[in-house]
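Each chain is listed here by its residues.
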Amino acid sequence: MGLGGISIWQLLIVLLIVVLLFGTRKLKGMGSDLGGAIKGFKNALNEDDRKDEQAADEVADDATAEPEQTTAAHRDSAETDSDDTRNR
């Protein structure tokens, strides 16, 4: 017994019929097309993963950069406040 009650001989007969119907050239072309489609799908998944990683890195970089910018903004506003009190 093979896959789900189908023996190896039955699979070979089905394969022989498919080759006779479509021919080896057409089967080779379909196999190449299928392989290219799978490769393109994998590349698209990898590209999306890289974009997600880059976005996460940018968010992490922004999160670490914000306190410095906030500190600088507070320092500038503190200087402005002290200048205002001097002018009074």
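Structure first, text after, so check above.
Treat the numbers as computed from the prediction; the structure is a model and nothing was measured.

Sorry if this is basic, but what is going on with the overall build of the chain here?
Counting secondary structure elements, the chain contains one helix and zero strands. Counting every position in the chain, which comprises 88 residues, the buried fraction comes to 0%.

Is there a simple way to explain the pattern of salt bridges in this structure?
If the charged atoms of two oppositely charged side chains come close together, the side chains can form a pair. Overall, the coordinates contain one salt bridge when judged by the stated rule. Between E47 and K51 there is a salt bridge whose closest N-O contact spans 3.5 Å. Remark: K51 and E47 occur in helix 1 (residues 8–87); sequence separation between them is four residues, near one turn of the helix. Relative accessible area serves as the criterion here: at 39%, E47 is assigned to the partly exposed category.

What am I meant to see in a negative patch on the surface here?
A grouping of D48, D49, D52, E53, D57, E58, D61 and D62 is seen on the molecular surface, where their side chains present a negatively charged patch. Within the secondary structure, D49 sits in helix 1. You can call D49 partly exposed: its relative accessible area is 42%.

Hey, could you run me through a nonpolar patch on the surface in this one?
A cluster of nonpolar side chains, namely I6, I8, W9, L11, L12 and L15, defines an oily patch on the protein surface of about 610 Å² accessible area. Along the chain, L15 turns up in helix 1.

Parameters at a glance
Residues numbered from 1 in each chain as written. Predicted model: local features only at pLDDT ≥ 70, side-chain atom pairs only at ≥ 80, totals over all residues. Heavy atoms only, no water. Helix = DSSP H or I, 4+ residues; strand = E, 2+ residues; numbered from the N terminus. Buried < 20%, exposed > 50% of the residue type's maximum accessible area, 1.4 Å probe, protein only. Salt bridge = Lys/Arg side-chain N within 4 Å of Asp/Glu carboxyl O. Patch = residues over 30% accessible without salt bridge, like charges linked within 9 Å, V, L, I, M, F, W, Y side chains within 5 Å. Areas by Shrake-Rupley, 256 points an atom, 1.4 Å probe, with all protein chains shown as cover. Lys, Arg positive; Asp, Glu negative; His and termini not counted. Charge placed at Lys NZ, Arg CZ, Asp CG, Glu CD.

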